[in-house]
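# Report on the structure
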Number of protein chains: 2
Amino acid sequence: MNIFTQHNPTKLYFGKGQISQLSTEVRQMKVLLVYGGGSIKQNGVYEDVINELKKVEATIFKLPGVEPNPRLTTVYRGVEICKSEGIDILLAVGGGSVIDCTKAIAIGAKYDGDVWELITRKAPIESALPIGTVLTLAATGSEMNPISVISNWETKDKLGWGSPLVFPRFSILDPTYTFSVSHKQTVYGIVDSMSHALESYFHRTKNTPLIDAFIESLLRTAIQTAPKLLEDLTSYDHRETMMYLSTIAFNETLLNGTDGGDWGSHRIEHALSAVYDIPHGGGLAILFPNWLEHVLEEDPSRVKMLAMNVFGISDEGKSDIEVAKEGAKALRAFWNSLGAPSRLSDYDIDDRDIELIIDKTFIKPGVGLYKELDRESVRDILIRSM
Amino acid sequence: MNIFTQHNPTKLYFGKGQISQLSTEVRQMKVLLVYGGGSIKQNGVYEDVINELKKVEATIFKLPGVEPNPRLTTVYRGVEICKSEGIDILLAVGGGSVIDCTKAIAIGAKYDGDVWELITRKAPIESALPIGTVLTLAATGSEMNPISVISNWETKDKLGWGSPLVFPRFSILDPTYTFSVSHKQTVYGIVDSMSHALESYFHRTKNTPLIDAFIESLLRTAIQTAPKLLEDLTSYDHRETMMYLSTIAFNETLLNGTDGGDWGSHRIEHALSAVYDIPHGGGLAILFPNWLEHVLEEDPSRVKMLAMNVFGISDEGKSDIEVAKEGAKALRAFWNSLGAPSRLSDYDIDDRDIELIIDKTFIKPGVGLYKELDRESVRDILIRSM
């Protein structure tokens, strides 16, 4: 293991009815409610939140309309409200996009310049408004981590950033709030959560038996649970398992003591959905198995571990590369069986913009760690994905 | 899963050289250094701590001589120093006993009455001094949890208690600080850590696939690592694995969403070592396999899961009880192979004081949850252990 600091200050309220904790966390304050489309008004979550806030006589301001890939322009709108109204706390009600947008608003509200300077690391993040979240989608893990992804549509950039200052102060996770998530969005959430665990797994740190075993456990649990959930989208038990699993998959539990894993395919996916605005989970389902096939040719070791320990593939009479290839195939087959796409052509994407996607992948230097990718490697992964 | 709140405020600094973080956490304050026998002076830890504290010009007060089963009389001495000197922060340098003693001092220092009233829950815990720890023994998990165990030798009571106010503010875990721990103490630490995971495993909560898989992973990792560590007590890698594992085994990670597991054998062990002052890990090694054999006769289900998923025992052609019995046997055999005791007679304990031990077990009502034990059950487990 590497030396590390483990400190996650987020307070997680998990389970049915935990919305009642909102009134213990938010008092008579000015609250900016950040949310997306109308879904929280249809499924009752919005009403629950408003009722709790009214109990404590909070003053409610609203920022609706956060996009699935949240945009800088929306962040600007939120920052403006915070500054003009003197907001005390931000409350994100939604999935990862809403939370990510809220994190950017939180730092922008405390900064005199343009928040894009903070996101692009041109200026240091020194302060942030406190954030609470009410989660309605199990996917990104943003509810218990210090990470956010923001899209700038002017420059067609989609950028990940983070700061310990944007760990949510509290997050409320009620599995019933995810009952109305569609079959397709549920699939994307499963792929995204599993990708976080998979990318954490591809580190180069020695002596990490406990973390590796935790990751393998989480992936096996996802593989066992996902098909049952998709058969019965209002199963409390399966929604509960996936909601907790997706939080753990990316709340730093699986990164303690490692070099942080390899987020190369996430980087390529961000570039891809910056250009095409496709769903993040869909992009990952296509790219990650091809990333596996690309890296295993150089070093099959951990892909082989994945094949054996997660997919139960036997290595009897096979070379390391053969076992690893079976692992990559098994992952693709599993995601396909859930209904996830497997080719970029499923989104009518061909090789027309391939150089632009490669450019966008390298918006920040250093892509990949298990294998550091160059332009040629990214091109190879994209072509395999066509 | 049950509804739950997950919140662990302890900041963990893990890895070689992390003692340098001490000076970021403690400033020009009045620090009470709490420690045990002379071992930290022999292995260099004491010197490292003093050097760091001197850097920030902290004023150092000392409470040496904390016992392996920390005593109320020592807590009183610490509380007295805190009150008379106006201590700002407590720094525990040692293993679980030192940290547990420090937690009791922290609440006593802020209480006008007798701290034993707080420990016995006759008065509520409302305030505590902040605590930091420098860990020198991988065992109890006290470095990242809100739990403590204190022995009152006047009444021969050994009592577990807890409060969110005594989570350490920070803990420094440097595996090299455990290099000088003896073979025997290392074995006890392994047994204690594994017991925490085992006791967490024996819950009655439905739909807990991820937590169950994490516990099984942790136990398998301990089983793989322990024999290698005992072959080479100064192996950084194996000390590192066991140090991290023992913290995770009891920092609430393995309890999220369950009913909390079954701590019946811990309760019996506390009673036993209150009467005989034997090592906690030694007592657990004897009692836990017999607890397993006692409970499996009524309900073998989770003992069977343990047998299959942790010890790889096949269920082919066997009844549930047969598989479960093999599991209990495998655990005892594993601990014996490390050199842990398996019979109370190894400590020259016979059935003379059995009724007293049973009395002490029930010092607080409610012993056990997977199976709630009555006096007859505790007697049965003790007799099996003779």
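Everything numeric here is computed off the predicted structure, so don't read it as measured data.

Procedures and definitions
Residues numbered from 1 in each chain as written. Chains lettered and ligands numbered in written order. Predicted model: local features only at pLDDT ≥ 70, side-chain atom pairs only at ≥ 80, totals over all residues. Heavy atoms only, no water. Least-squares fit on C-alpha atoms with pLDDT ≥ 70 in both. Contact = heavy atoms within 4.5 Å. Domains from an automatic or database assignment. Buried area = accessible area lost by both parts, 1.4 Å probe. Polar contact = N/O pair within 3.5 Å; in protein donor to acceptor, adjacent residues only side chain to side chain. Helix = DSSP H or I, 4+ residues; strand = E, 2+ residues; numbered from the N terminus. Core = buried A, V, L, I, M, F, W, Y, C linked by side-chain atoms within 4.5 Å. Buried < 20%, exposed > 50% of the residue type's maximum accessible area, 1.4 Å probe, protein only. Pairing = 2+ DSSP bridges. Axes fitted to C-alpha atoms, helices over the stretch in contact; angles between N-to-C directions. Salt bridge = Lys/Arg side-chain N within 4 Å of Asp/Glu carboxyl O. Nonpolar A, V, L, I, M, F, W, Y, C, P; charged D, E, K, R; others polar. Parallel < 35°, antiparallel > 145°, perpendicular 65-115°, else oblique. Left-handed = near helix turned anticlockwise from the far one by under 90°. UniProt positions renumbered as here; feature names shortened; annotations may be inferred.

Between chain A and chain B, which share one sequence, the superposing operator has a rotation angle of 180° and an axial displacement of 0.0 Å; the RMSD is 0.0 Å. Such a turn and shift between the copies fits a two-fold axis. Counting the interface residues of chain A, we find that 100% of their copies in chain B are interface residues as well, pointing to one common contact surface.

On to the domain arrangement of chain A. All names here are of chain A. Once the domains are mapped, chain A shows domain 1 (11-178) and domain 2 (183-385). A straight line from the C-alpha centre of domain 1 to that of domain 2 covers 27 Å. Each partner contributes to the interface: domain 1 provides 32 residues, whereas domain 2 provides 27 residues. At the boundary of domain 1 with domain 2, total buried surface from both sides reaches about 2400 Å², with 60% on carbon and sulfur atoms. Counting across the domain 1 and domain 2 interface gives 11 residue pairs in polar contact (both at pLDDT 80 or more). Contributions of two or more residues to the side of domain 1 that touches domain 2 are made by strand E2 (11-14), strand E7 (147-152) and strand E8 (157-162). Take the side of domain 1 that touches domain 2: its biggest share by element is four residues, from E8.

Turning next to the nonpolar core. Counting 205 residues, the largest nonpolar core has Trp335 of chain A together with Trp335 of chain B as its most contacted members. Sorting elements by how many residues they give to this core places helix H8 (residues 209-231) of chain B first, with 11 residues. Beyond its immediate sequence surroundings of up to four residues, Trp335 of chain A is in contact with Val191, Met194, Ser195, Leu198, Leu284, Ala285, Phe288, Pro289 and Ala340 of chain A.

Another aspect to go through is the sheet that holds strand E2 (residues 11-14) of chain B. Within the open sheet, the seven strands sit side by side as E1(A)-E2(B)-E9(B)-E6(B)-E5(B)-E3(B)-E4(B). Their pairing is mixed. With one partner strand each, in any of the chains shown, strand E1 (4-6) of chain A together with strand E4 (59-63) of chain B form the two edges of the open sheet. The mean inter-strand angle of the sheet, taken between neighbouring strand axes irrespective of direction, is 20°. In the sheet, strand E3 (residues 30-34) of chain B pairs with E4 of chain B via five bridges, with the strands oriented parallel. Bridge pairing links Val31 of chain B to Ile60 of chain B in E4 of chain B. Strands in contact with helix H3 (residues 45-55) of chain B are E3, E4, strand E5 (89-94) and strand E6 (131-135) of chain B; relative to E3 of chain B, the strand with the most contacts, it is inclined by about 175°. Most of the contacts of helix H5 (residues 96-108) of chain B go to E5 of chain B, to which it runs at about 165°, and overall it touches E3, E4, E5 and E6 of chain B.

A word on the pattern of salt bridges. Residues and elements named next belong to chain B. Under the counting rule described, the total for this entry stands at 35 salt bridges over all chains. Linking Arg71 and Asp277 is a salt bridge whose minimum nitrogen-to-oxygen distance equals 3.7 Å. Pair noted here: Arg71 is in the loop between E4 and helix H4 (72-85) and Asp277 is in the loop between helix H10 (264-276) and helix H11 (280-296), with a separation of 206 residues, a long-range link. Residue Asp299 pairs with Arg204 through a salt bridge whose shortest N-O separation is 2.6 Å. Here Asp299 is found in the loop between H11 and helix H12 (301-309), whereas its partner Arg204 is found in the loop between helix H7 (183-201) and H8, with 95 residues between them in sequence.

When the parts of a complex come together, some accessible area is lost, and that lost area is often taken as the interface size. If you look at the interface, chain A gives 35 residues, while chain B gives 35 residues. Summed over both partners, the interface of chain A with chain B buries about 3100 Å², with 60% contributed by carbon and sulfur atoms. Summed over the three residues of chain A that lose the most area to chain B, namely Gln6, Leu210 and Tyr244 of chain A, the buried surface amounts to 19% of that side. One can count zero salt bridges joining chain A with chain B. If you look at where chain A meets chain B, you find 23 residue pairs in polar contact (both at pLDDT 80 or more). Broken down by secondary-structure element, the contributors of at least two residues to the side of chain A that touches chain B are E1, E2, helix H8 (209-231) and helix H9 (236-248) of chain A. A total of nine residues in the side of chain A that touches chain B trace back to one element, the largest contributor, which is H8 of chain A. Among the residues forming the side of chain A that touches chain B, the class breakdown is 17 nonpolar, 13 polar and five charged. In the sheet, E2 of chain A pairs with strand E1 (residues 4-6) of chain B via three bridges, with the strands oriented antiparallel. Directly across from Phe14 of chain A, in E1 of chain B, lies its bridge partner Phe4 of chain B.

In this section: the sheet that holds strand E9 (residues 170-173) of chain A. Within the open sheet, the seven strands sit side by side as E4(A)-E3(A)-E5(A)-E6(A)-E9(A)-E2(A)-E1(B). Their pairing is mixed. Since the sheet does not close on itself, it has two edges, and those belong to strand E4 (59-63) of chain A together with E1 of chain B, each with one partner. For this sheet, the mean inter-axis angle between neighbouring strands, taken without regard to orientation, is 20°. Strand direction decides the pairing type here: E2 of chain A and E9 of chain A, joined by four bridges, are parallel. Bridging from a neighbouring strand, Phe14 of chain A pairs with Leu173 of chain A of E9 of chain A. Most of the contacts of helix H5 (residues 96-108) of chain A go to strand E5 (residues 89-94) of chain A, to which it runs at about 165°, and overall it touches strand E3 (30-34), E4, E5 and strand E6 (131-135) of chain A.

Turning our attention to unusual backbone geometry. Even without being glycine, Arg121 of chain A reaches a positive phi, approximately 65°. Among the secondary structure elements, Arg121 of chain A is positioned in the loop between helix H6 (115-119) and E6. Judged by its relative accessible area of 52%, Arg121 of chain A is exposed. Non-glycine residue Glu57 of chain B carries a positive phi angle of around 55°. Position of Glu57 of chain B relative to the elements: it lies in the loop between H3 and E4. Residue classification places Glu57 of chain B among the exposed positions, given a relative accessible area of 55%.

On to the packing of helix H14 (residues 354-361) of chain B against helix H15 (residues 375-385) of chain B, then. All names here are of chain B. Packing of H14 against H15 brings their axes to within 10 Å, and their N-to-C directions diverge by 125°. If you check the angle between H14 and H15, you find them oblique. For the pair H14 and H15, the sense of crossing is right-handed. Each of Ile354, Glu355, Ile357, Ile358, Asp359 and Thr361 in H14 lies in contact with H15, whose residues at this interface are Arg375, Val378, Arg379, Leu382 and Ile383. Residue composition of the contact of H14 with H15, grouped by class: six nonpolar, one polar and four charged.

This part takes up the environment of Gln6 of chain A. Position of Gln6 of chain A among the secondary structure elements: in strand E1. Residues contacting Gln6 of chain A, with those up to four places away along its chain left out, are Asn256 of chain A together with Thr10, Lys11, Leu12, Met144, Tyr244 and Asn251 of chain B. A distance of 3.2 Å separates a polar atom in the side chain of Gln6 of chain A from a polar atom in the side chain of Asn256 of chain A. Reaching out from Gln6 of chain A, the side chain makes a polar contact with the side chain of Tyr244 of chain B at a distance of 3.0 Å.

A few words on the UniProt feature "domain: Alcohol dehydrogenase iron-type/glycerol dehydrogenase GldA" (unreviewed entry) in chain A. As recorded in UniProt, the sites labelled "domain: Alcohol dehydrogenase iron-type/glycerol dehydrogenase GldA" (unreviewed entry) are residues 9-175 of chain A. For residues 9-175 of chain A, the end-to-end C-alpha separation is 22 Å, with 31% helix and 25% strand making up the annotated structure.

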